[in-house]
Amino acid sequence: MNETSPQPILGIDIGGSGIKGAPVDIVSGQLVADRYRIPTPEKGRPGDVVDVVAQIVRHFEWQGPVGIGFPAAVLNGVVKTAANIHKSWIDTDAKALFSAATNCPVAVLNDADAAGLAEMRFGAGAKRSGVVFIITIGTGLGTALFVDGKLVPNTELGHLEIRGKDAEQRASDAVRKAKELSWQKWAQRLNEYLSTLERLFWPSLFILGGGVSKKSEKFLPYLNLSTEVVIARLGNEAGIVGAALVAGALSQ
Ligand code: BGC
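The following refers to the structure shown. (Residues numbered from 1 in each chain as written. Predicted model: local features only at pLDDT ≥ 70, side-chain atom pairs only at ≥ 80, totals over all residues. Heavy atoms only, no water.)

Attention shifts here to a positive patch on the surface. Judged by side-chain charge, Arg35, Arg37, Lys214, Lys215 and Lys218 come together as a positively charged surface patch. One can find Lys215 in the loop between β14 (205-209) and α7 (216-219). (Patch = residues over 30% accessible without salt bridge, like charges linked within 9 Å, V, L, I, M, F, W, Y side chains within 5 Å. Areas by Shrake-Rupley, 256 points an atom, 1.4 Å probe, with all protein chains shown as cover. Salt bridge = Lys/Arg side-chain N within 4 Å of Asp/Glu carboxyl O. Lys, Arg positive; Asp, Glu negative; His and termini not counted. Charge placed at Lys NZ, Arg CZ, Asp CG, Glu CD. Helix = DSSP H or I, 4+ residues; strand = E, 2+ residues; numbered from the N terminus.)

Taken across its five residues, β14 has five buried, putting it largely inside the fold. With burial as the criterion, each face of β14 is covered, one bearing Leu205, Ile207 and Gly209 and the other bearing Phe206 and Leu208. The sheet contact formed by strand β9 (residues 131-137) and β14 spans five bridges and is parallel. Bridge assignment links Thr136 to a residue of β14, and that residue is Gly209. Relative to strand β15 (residues 228-231), β14 runs parallel, the two sharing four bridges. Bridge pairing in β15 places Phe206 opposite Val229. (Buried < 20%, exposed > 50% of the residue type's maximum accessible area, 1.4 Å probe, protein only. Pairing = 2+ DSSP bridges.)

A word on the packing of helix α1 (residues 46-59) against helix α2 (residues 94-102). Packed helices, taken two at a time, are described by the angle their axes make and the gap between the axes. It is the contact of α1 with α2, at a shortest axis distance of 9 Å, that shows an interaxial angle of 45°. As the angle between them shows, α1 and α2 are arranged oblique. The crossing of α1 and α2 is right-handed. Touching Pro46, Val49, Val50, Val53, Ala54 and Val57 of α1 are Leu97, Phe98, Ala101 and Thr102, all from α2. (Axes fitted to C-alpha atoms, helices over the stretch in contact; angles between N-to-C directions. Parallel < 35°, antiparallel > 145°, perpendicular 65-115°, else oblique. Left-handed = near helix turned anticlockwise from the far one by under 90°. Contact = heavy atoms within 4.5 Å.)

Glancing now at the pattern of salt bridges. This model, assessed by the stated rule, comprises seven salt bridges. Residue Arg163 pairs with Glu192 through a salt bridge whose shortest N-O separation is 2.9 Å. Here Arg163, found in the loop between β12 (161-162) and β13 (165-166), pairs with Glu192, found in helix α6 (residues 183-201); they are 29 residues apart in sequence, far enough to count as distant. For Arg163, a relative accessible area of 65% gives the class exposed. Note that Asp173 and Lys177 form a salt bridge whose closest N and O atoms lie 3.4 Å from each other.

Quick look at α2 now. For α2, every residue scored as buried is listed here: Ala94, Phe98 and Thr102. For α2, the arc enclosing every buried residue in end-on projection is 45°, short of the 170-degree limit, so these residues lie on one face. The elements touched by buried residues of α2 are β1 (9-14), α1, β5 (66-70), β7 (78-79) and β8 (106-110). In the segment just after α2, Asn103 is the residue with positive phi, at about 60°. (Arc of directions from axis to C-beta.)

What follows covers the site of the ligand. Not every one of the 14 residues close to the ligand is listed here, only the nearest: Asn110, Asp111, Glu156, His159 and Glu168. Contact between the ligand and Asn84: an oxygen atom at 3.2 Å from a side-chain N or O atom of the residue. Side-chain polar atom of His159 to an oxygen atom of the ligand: 2.7 Å apart, as the coordinates give it. In isolation the ligand has 310 Å² of accessible area, and contact with the protein removes 93% of it. Secondary-structure elements contributing two or more residues to the shell around the ligand are α3 (111-122) and β10 (141-147). Partitioned by chemical class, the residues of the shell around the ligand number six nonpolar, five polar and three charged. (Near = heavy atom within 4 Å. Polar contact = N/O pair within 3.5 Å; in protein donor to acceptor, adjacent residues only side chain to side chain. Nonpolar A, V, L, I, M, F, W, Y, C, P; charged D, E, K, R; others polar.)

Okay, structure coming up:
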């Protein structure tokens, strides 16, 4: 059969420090143009974030479907939580806002879920069954849970309580930087977090992603877990690729 490749899909990843987008070939998982990044507006208010997303869409002169990974629980396009974004996002219909501002069909999902979908299709989780976690470590701690390749969406396990604190407040990369923790000290916190997940879910694999995964040699040696741990293969592009994958389903 001589099937033609589907049109690329624009993937956008809204993060704590940057909002990044690129068109993605959803068959190969490759970006088909350079990533375009704009710093996340301070405070992350809805209007400002929507403006940046619209700028990215204009930058690529985009007209087709757009997938957007968003750093919160998202149910049917509506934002339900706001740990690292402005509180006024809660109960905002992000899908409606983004599609009105871009004039494009839009799919919105949790950012870690987006990264997880990409890793499971094209990266470190490909062909892996059982219970698999993708943990994105950045401004927040994002989690995506897969059971035999199927996503259980919006798990929000970065907010498990550890030592009386939100896990994200102890073990995110932002906390490592803000508190100037040594890699060893921070790795101990990450290890405590992962071993809590281990004890509660008995996963067969942890995939660690987010910006800090580029420096894995600094902290992997300090982790001591019984679960296999690997580093995300798509690195920081996973969120863009996964968001595009989900939006790709809009055009079928
Ligand atoms: C949010 C999650 C998000 C994670 C990574 C957390 O604070 O609650 O929804 O996936 O940060 O951005």
